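Single-letter residue listing:
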Amino acid sequence: MDLNLNRADYLQVVIGDHDGVVMCFGMKKGEAVAVFKTLPGQKIARLELGGVLNTPQEKIFIAAGSEIRGFTKRGKQFLSFETNLTESIKAMYISGSDLFLSASYIYNHYCDCKDQHYYLSGDKINDVICLPVERLPRITPILACQDRVLRVLQGSDVMYETEVPGPPTVLALHNGNGGDSGEELLFGTSDGKLGLIQITTSKPIHKWEIQNEKKRGGILCVDSFDIVGDGVKDLLVGRDDGMVEVYSFDNANEPVLRFDQMLSESVTSIQGGCIGKDGYDEIVVSTYSGWVTGLTTEPIHKESGPGEELKINQEMQNKISSLRSELEHLQYKVLQEREKYQQSSQSSKGKSAVPSFSVNDKFTLNKDDASYSLILEVQTAIDNVLIQSDVPIDLLDVDKNSAVVSFSSCDSESNDNFLLATYRCQANTTRLELKIRSIEGQYGTLQAYVTPRIQPKTCQVHQYLIKPLSLHQRTHFIDHDRPMNTLTLTGQFSFAEVHSWVVFCLPEVPEKPPAGECVTFYFQNTFLDTQLESTYRKGEGIFKSDNISTISILKDVLSKEATKRKINLNISYEINEVSVKHTLKLIHPKLEYQLLLAKKVQLIDALKELQVHEGNTDFLIPEYRCILEEADHLQEEYKKQPAHLERLYGMITDLFIDKFKFKGTNVKTRVPLLLEILDSYDQNALIAFFDAA
């Protein structure tokens, strides 16, 4: 759902839903002004209030498929515009008679419905916006692209690019008008970060960034409105985990979190304004399944004299009673309709159709803990979700997840089935978040079978690829001074073919081959911080990494893919011995921390017994007292990292085997000795073992 409102008066909340229906509600009077169908059978991608062709601001514009339609608030159509885009419209922005559209990779600028400019992006476009034309002597569109880049355009060309800390999902003008300079732009990312950039004619100026320290959901929508009432517009933020946040600005113009409220579904749109008939400012949000929720500034307990207190309490009780009565009436009507449908489906003459439902899913890599988040959201309540994987993965605990999980035994040897888990959801759960951690080098498919609470029973299957280098994340800069190992491929393959191999091996690579004859992508391993540089063109691919295991995985997978297509590859490699010691030093702090954490957790029970026996902890050394004080935190952290130590052992073992594999030597018989050294870990002893072997 998309939601908008005209804040010039107490006008309508305008809502566009999944089925192409637009509703305008006159919230001051409490009735629907208009409900009308716009594009039958097409989902509304974006709804905007604005003016194209010099129409008033309260006109409604709908983007669906490749078509734009304009309606008055009463539902009368005044514009129908077929853009002839080859892809469906994903984002739209309106400024006067200028219309800015973007599909997955294509951007178009129209003026009075006439094509002006065009741009083909190298990665997916998530949002589009333009700096205020009425305040600046230029038209400056900005594209938010999946590769963590904002592209600032001038006509059909990129004026410059600026990197942001995550894949940007939403753009908005600061304070609704671009701030004091008219050039200030807010961005929100899919991993929950928020920032402000000034887009000047020569270069970007980063004003501030808010990191997602509380591990909240990705940002889907932002708005500016003075909800606190101090004369300065506040920042309203809606996230995909249902969190609504209000940020105020301090004297240094830095954002400070003032309020937050958790909803049960992802917030698809957010607006602030004076909506209700009582004159109090409110925040109106729409959620994925169709709920419209209001958060008000109306005080629950008003200051009053002794004589007025009883009257105010009575008014509040009457309001609550009226809402409860209305809700019970709606629940009764829903129950009646459900029973009616159940009876008709069970009768001999009844006909039952498989109900359709859409699943809003998101499968993303988290840089902070090198895990994948799988978010599944349905418009109706979820009954259960079955997770199946043909590749070894770990399921991690998620605090927000209240579903009951049960595991089934798997026969991994005969049918490559490594995981089978069922999540049974509680009543009225429409959103489920899972966390998994994969092992690089082992690749396959993760499948989610989603069954909602609807009759007759139906299920949807969604598939997610676990790629060979699944823990690598796109970046735009790497350290070229690191000791690098090089893998070179040559052969009779096209640019599109080698690009498809890179897409198969690595996440966050655009599916379409980039423009040009040669391309370079940089990656960073989110677990170990090692790097990868891939440069390829027709007939040649060069891959450089400071981790021998990364090169080994690429060599094996690319050889296999080329063999499938009957392409003869010439493979050569250069191994830098120094890179092994370099990688071991990168692993060292993580391994040392996990070993220390495991030792502390093992001591907790014994220390607690001593504390009970002695009555206090004064006799303990400070180190042990600290372990007791942090016992709950240590145990919680240890619980959240299952098989973390084993995973680090596995990476060191792979590094050991891969180092000698390139020399043509099989050292698997020496792995038990390596594990003994790791159990009594000493960094110098480990490096010496690698050198001696």
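Just above sits the structure.
1. Section: the side chain of Arg 482
Phase 1: Structurally, the position occupied by Arg 482 is in the loop between strand S37 (472–475) and strand S38 (485–491).
Phase 2: Engagement of the side chain of Arg 482 in a polar contact is seen with the backbone oxygen of Asp 529, the distance being 2.9 Å.
Phase 3: If we ignore the near neighbours within four places in the chain, the residues touching Arg 482 are Asp 529, Thr 530, Gln 531, Asp 546, His 582 and Leu 586.

2. Points about the sheet that holds S37
Phase 1: Spatially, S37-S39-S40-S41-S38-S42 is the arrangement adopted by the six strands of the open sheet, whose pairing is antiparallel. What marks the edges here is a single partner per strand, and that holds for S37 and strand S42 (569–574). Ignoring strand direction, the axes of neighbouring strands in this sheet form an average angle of 20 degrees.

3. Concerning the environment of Gly 279
Phase 1: For Gly 279, the location among the structural elements is in the loop between strand S25 (267–273) and strand S26 (282–287).
Phase 2: For Gly 279, a relative accessible area of 39% translates into the label partly exposed.

4. What to know about the environment of Glu 161
Phase 1: The topology assignment puts Glu 161 in strand S16 (residues 157–163).
Phase 2: Taking relative accessible area as the criterion, Glu 161 reaches 46% and is therefore assigned partly exposed.
Phase 3: Here the alpha-carbon distance between Glu 161 and Ile 142, two residues 19 residues apart in the chain, equals 9.5 Å.
Phase 4: Ignoring anything within four residues of it in the chain, the contact list for Glu 161 reads Val 149, Leu 150 and Arg 151.
Phase 5: Polar side-chain contacts of Glu 161 include one of 3.0 Å to the side chain of Arg 151.

5. Observations concerning the packing of helix H9 (residues 671–679) against helix H10 (residues 683–692)
Phase 1: The interhelical angle for the contact between H9 and H10, taken along N-to-C directions, is 165 degrees, at an axis separation of 9 Å. Here H9 is positioned roughly antiparallel relative to H10, judged by the angle of their axes. Here the hand of the crossing between H9 and H10 comes out right-handed. Residue-level inspection shows Leu 673, Leu 674, Ile 677 and Leu 678 of H9 in contact with H10, the latter providing Ala 685, Leu 686, Phe 689 and Phe 690.

Rules used throughout
Residues numbered from 1 in each chain as written. Predicted model: local features only at pLDDT ≥ 70, side-chain atom pairs only at ≥ 80, totals over all residues. Heavy atoms only, no water. Helix = DSSP H or I, 4+ residues; strand = E, 2+ residues; numbered from the N terminus. Polar contact = N/O pair within 3.5 Å; in protein donor to acceptor, adjacent residues only side chain to side chain. Contact = heavy atoms within 4.5 Å. Pairing = 2+ DSSP bridges. Axes fitted to C-alpha atoms, helices over the stretch in contact; angles between N-to-C directions. Buried < 20%, exposed > 50% of the residue type's maximum accessible area, 1.4 Å probe, protein only. Parallel < 35°, antiparallel > 145°, perpendicular 65-115°, else oblique. Left-handed = near helix turned anticlockwise from the far one by under 90°.

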